[in-house]
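Residue-level structural notes
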Amino acid sequence: QVQLVESGGGLVQPGGSLRLSCAASGSSFQSYDMGWYRQAPGKQRELVAGITSGGSTNYKDSVKGRFTISRDNAKNTVYLQMNSLQPEDTAVYYCNAHIVVIATLRLGDYWGQGTQVTVSS
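These notes cover the structure that comes with them. All figures in this text were calculated on a predicted structure; none of them were measured in a lab.

1. Topic: the packing of aromatic side chains
Within the structure shown, the criterion is met by 1 aromatic pair. Directly above the aromatic system of tyrosine 79 lies the positively charged group of arginine 19, at a separation of 4.1 Å from the ring centroid.

2. Observations regarding the environment of tyrosine 59
Within the fold, tyrosine 59 resides in strand β6 (residues 57-59). Through-space distance from the C-alpha of tyrosine 59 to that of arginine 106 is 27 Å; in sequence the pair is 47 residues apart. In this structure tyrosine 59 touches Val48, Ala49, Lys64, Phe67, Thr68 and Ile69, once residues within four positions along its chain are discounted. Engagement of the side chain of tyrosine 59 in a polar contact is seen with the backbone nitrogen of isoleucine 69, the distance being 2.9 Å.

3. Structural notes on unusual backbone geometry
A negative phi angle is the norm for most residues apart from glycine, just as the trans form is the norm for most peptide bonds. The phi dihedral of serine 84 is positive, around 50°, even though this residue is not glycine. One non-glycine residue, leucine 105, lies in the positive phi region at around 55°. Here leucine 105 lies in the loop between β9 (91-101) and β10 (106-111). Residue class for leucine 105 comes out exposed when judged on its relative accessible area of 67%.

4. Brief notes about the pairing of strand β8 (residues 77-82)
Burial within β8 is extensive, with 5 of its 6 residues counted as buried. With 6 bridges joining them, strand β3 (residues 18-26) and β8 adopt antiparallel strand pairing. Considered in β8, the bridge of leucine 20 is made with leucine 80.

5. Structural notes on the nonpolar core
Counting residues in each nonpolar core, the largest one holds 29 residues, and the members touching the most others are Trp36, Leu80, Met82 and Tyr93. Elements represented by at least two residues in this core include exactly β1 (2-7), β3, β4 (29-39), β5 (46-51), β7 (67-72), β8, β9 and β11 (115-119). No other element matches β9, which puts 6 residues into this core. With residues up to four places along the chain from it excluded, the contact list for methionine 82 reads Gly16, Ser17, Leu18, Leu20, Arg66, Phe67, Tyr93 and Val117.

6. Brief notes about the pattern of salt bridges
Within this structure, the stated rule accounts for 5 salt bridges. A salt bridge links arginine 38 to glutamate 46; its shortest N-O distance comes to 2.8 Å. A salt bridge links arginine 66 to aspartate 89, with the shortest nitrogen-to-oxygen separation between them at 2.8 Å. On the criterion of sequence distance, the pair formed by arginine 66 in the loop between β6 and β7 and aspartate 89 in the loop between β8 and β9 is long-range, its members being 23 residues apart. As far as burial versus exposure is concerned, arginine 66 and aspartate 89 are alike and both buried. Because the salt bridges share partners, they merge into one network encompassing Arg38, Glu46, Lys60, Arg66 and Asp89.

How each quantity is defined
- Residues numbered from 1 in each chain as written.
- Predicted model: local features only at pLDDT ≥ 70, side-chain atom pairs only at ≥ 80, totals over all residues.
- Heavy atoms only, no water.
- Phe/Tyr/Trp six-rings, centres within 6.5 Å; stacked < 30°, edge-to-face > 60°.
- Lys NZ or Arg CZ within 6 Å of the ring centre and 35° of its normal.
- Helix = DSSP H or I, 4+ residues; strand = E, 2+ residues; numbered from the N terminus.
- Contact = heavy atoms within 4.5 Å.
- Polar contact = N/O pair within 3.5 Å; in protein donor to acceptor, adjacent residues only side chain to side chain.
- Buried < 20%, exposed > 50% of the residue type's maximum accessible area, 1.4 Å probe, protein only.
- Pairing = 2+ DSSP bridges.
- Core = buried A, V, L, I, M, F, W, Y, C linked by side-chain atoms within 4.5 Å.
- Salt bridge = Lys/Arg side-chain N within 4 Å of Asp/Glu carboxyl O.

Here you go:
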């Protein structure tokens, strides 16, 4: 069994910064693509940023230049540095990872529990 545990959300004023972390733990596994999604009230979940195991990244247009995704493969952790936050960034942020459990060699799509980010003055 593999779990993703997120941390780092909270309340911040417009223009502020937050750093989200997501650590994968559990049975022996190999993680591949990882990413951050968000879901605002009344809206569909959307991809914010993704990163491959090799470090290639992609971003939602509205966060380019403000958000940075990175990963530490040794720690099985992915990060999202969010700068110049705006009220429209308010949402529940979810970590996602494509993981192969070594014991079964089965590729699975795993999600964290979500962390609330609120941008408000």
